[in-house]
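Chain residues, written in single-letter form:
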Amino acid sequence: MADPTGFLNHKREEPQKKSKEDRLASWGEVYADLESGERNEQVRTQASRCMDCGIPFCHSGGSGCPLGNLIPEWNDLVRRGDWSAASDRLHATNNFPEFTGKLCPAPCEAGCVLSISPLSGGPVAIKRVEATIADQSWEAGYVQPQVSEVASGQRVAVVGSGPAGLAAAQQLTRAGHEVTVFERDDRLGGLLRYGIPEFKMEKKVLDRRLAQLKKEGTRFVTGCEVGVDLTVEELREQYDAVVLAVGALRGRDDRTTPGRELSGIHLAMEHLVPANRYVEGDGPSPIDAEGKHVVIIGGGDTGADSYGTATRQGALSVTQLDQYPTPPSTRDDDRSPWPTWPYILRTYPAHEEAGERRFAVAVKRFVGDDEGRVKAIELQQVRVHKDRETGRREVVPVTDEVETLPADLVLLAIGFEGVEEMPLLDGLGLGLSRRGTLSCGADWQTSAPGVFVCGDAHRGASLVVWAIAEGRSVAHAVDAYLTGASDLPAPVHPTALPLAVV
């Protein structure tokens, strides 16, 4: 039985970070390295704040974790110091808890009963507990390859090696199918590899999990664009089922702002990918913030990743712009009542290190020099207006006053528009929806027989935890398609959505 007074006896505590100076001097993760005994004892205390609620909203698919992580169970196991059992319960629902423990924004914590009122001291530090279970699992050797004792004789191709594709591949390999993962990049991992900066997740974390998948029997092919290097005809001939986990990497651009054609203005991913390649040892990035005034347009995760990358590259200044007003510091029950995802100000570690954020502003014009390079931006205060009838969003200036900021490098982090155009889709006869995604039926199968879809390619740009949940679910569907039935878990339905106020 959990400690019903734990949250009264112990306050929520975040993991200790390295000093700002140490963080900016390297690409390593921002959190301090603690001796495992000290780390585990701190986390046992945090786990004791969980009350094992009668209705655990934290692992409800609608308001908490779409994977259905058995959070109260492993919280109590950690509280009691049974790390081996906690690892078993965590891995029962999540193939890659080290990914989610580092990268997921934790909708489970938003759904925690202790989030109802700030008087509780804050939600249980679920993400911290999860990350520590994952770390302890690797350190203690609890994570071992799980090799199937049967072979189905069926072959499955997974296109894309991001979290959705890897989750589907691992589940299907363990079910006895012969699985090959195709990745067009030179290294595996998709956005986990080249989209996530090292300071958020060191790539050795990814590599050790990939090693497990390889030992289990999953085959990987890199540098192969399916539909080009491997034709659609060859794909169909060689494999009994295909899983499309190709992501939603088509970045959103804004060509309407005057001066957008100037050099020095890039989509954020054009900056992040070569920066991550530099850390991998591939040489200097062609887009480097060193000695430059950097302006980042967009206030989400990708913007924060570019922010931290620019500061580590040695930017003179970093300014992040957001069209919306500064969010409140605490949940507004009228706008986002518990247990929905709260609309609040979110400060990433990168924001604590350097630079500044500006809210309720938008770029009026990019200003160039005589050589056609951006040198400044003209900024206006704005208000975002949404037409109730059409749903269209308009950004309206609230003053004629214009402010000029120096800008040698501008990064657009304003979201993603969906799946990239690729010969593979044309060859399979698949088109994109109005949202730029691939549609599927209730069995995750597209209109092309035997071809399934999961992750961002189906959902649009989303969270790592949803990608893993969809990868696990599509594995169930593929297994049933190939064998007639499946015992694999299917945590989410293709139409599943997080709880939200409309």
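Residues numbered from 1 in each chain as written. Predicted model: local features only at pLDDT ≥ 70, side-chain atom pairs only at ≥ 80, totals over all residues. Heavy atoms only, no water.

On to the pattern of salt bridges, then. Enumeration according to the criterion identifies 33 salt bridges in this entry. Where R209 meets E98, a salt bridge forms, and the shortest distance between an N and an O atom there is 2.7 Å. In this pair, R209 sits in helix α11 (residues 203-216) while E98 sits in helix α6 (residues 97-103), placing the two residues 111 residues apart along the sequence. Grouping residues by exposure puts R209 and E98 together as buried. Of the charged contacts, one joins E403 and R358 as a salt bridge, the two residues approaching to 2.7 Å between their closest N and O atoms. A residue pair is termed long-range when its members are at least 10 positions apart, and E403 in strand β13 (residues 403-406) and R358 in strand β9 (residues 356-359) qualify at 45 residues. One salt-bridge network, held together by shared partners, links D186, R187, R193, D207, R277, E280 and D282. (Salt bridge = Lys/Arg side-chain N within 4 Å of Asp/Glu carboxyl O. Helix = DSSP H or I, 4+ residues; strand = E, 2+ residues; numbered from the N terminus. Buried < 20%, exposed > 50% of the residue type's maximum accessible area, 1.4 Å probe, protein only.)

In this model helix α14 (residues 301-313) runs 18 Å from its N-terminal to its C-terminal C-alpha over 13 residues, within 8% of the 18 Å that 1.5 Å per residue would give. Summarising burial for α14: twelve of the 13 residues are buried, a large majority. Immediately downstream of α14, the backbone of G314 shows phi near 95 degrees, a positive value. (Expected span 1.5 Å × (residues − 1).)

V156 and V243 are the most contacted members of the largest nonpolar core, which totals 64 residues. At eleven residues, helix α18 (residues 464-483) tops the list of elements feeding residues into this core. Setting aside its immediate chain neighbours within four residues, V156 contacts L172, H177, E178, V179, T180, Y239, A241, V243, V478 and L482. Core analysis: the second largest hydrophobic core is formed by 24 residues, C224, L230, L425 and L430 among them. (Core = buried A, V, L, I, M, F, W, Y, C linked by side-chain atoms within 4.5 Å. Contact = heavy atoms within 4.5 Å.)

Moving on: the packing of aromatic side chains. Counted by the stated rule, this structure contains four aromatic pairs. The interplanar angle of 75 degrees and the centroid separation of 5.4 Å between the aromatic rings of F452 and Y481 together place this pair among those described as edge-to-face. Of this pair, F452 sits in strand β16 (residues 451-453) while Y481 sits in helix α18; the two residues are 29 residues apart in sequence, bridging distant segments of the chain. We classify F452 as buried; its relative accessible area is 0%. Look at Y481 and you get partly exposed, because its relative accessible area is 39%. Over the ring of F199 we find R312; its NZ or CZ atom is 4.1 Å from the centre of that ring. Against the face of W466 rests R459, its NZ or CZ located 3.9 Å from the ring centre. (Phe/Tyr/Trp six-rings, centres within 6.5 Å; stacked < 30°, edge-to-face > 60°. Lys NZ or Arg CZ within 6 Å of the ring centre and 35° of its normal.)

Moving on, we come to the UniProt feature "domain: FAD/NAD(P)-binding" (unreviewed entry) in the protein chain. Per the UniProt record, "domain: FAD/NAD(P)-binding" (unreviewed entry) is annotated on residues 155-325 and 384-471. Across residues 384-471, helical content stands at 20% and strand content at 25%; the span's end C-alpha atoms are separated by 36 Å. (UniProt positions renumbered as here; feature names shortened; annotations may be inferred.)

Spatially, the five strands line up as an open sheet ordered β6-β14-β7-β8-β9, and their pairing is parallel. Both outer strands of the open sheet, β6 (265-267) and β9, are each paired with one neighbouring strand and no more. Pairs of neighbouring strands in the sheet enclose a mean axial angle of 20 degrees, with direction left out of account. Together, β6 and β14 (409-412) form the strand contacts of helix α13 (residues 268-280), whose direction differs from that of β6 by roughly 75 degrees. α14 contacts β7 (293-297), β8 (317-322), β9 and β14 of the sheet and is inclined by roughly 170 degrees relative to β8. (Pairing = 2+ DSSP bridges. Axes fitted to C-alpha atoms, helices over the stretch in contact; angles between N-to-C directions.)

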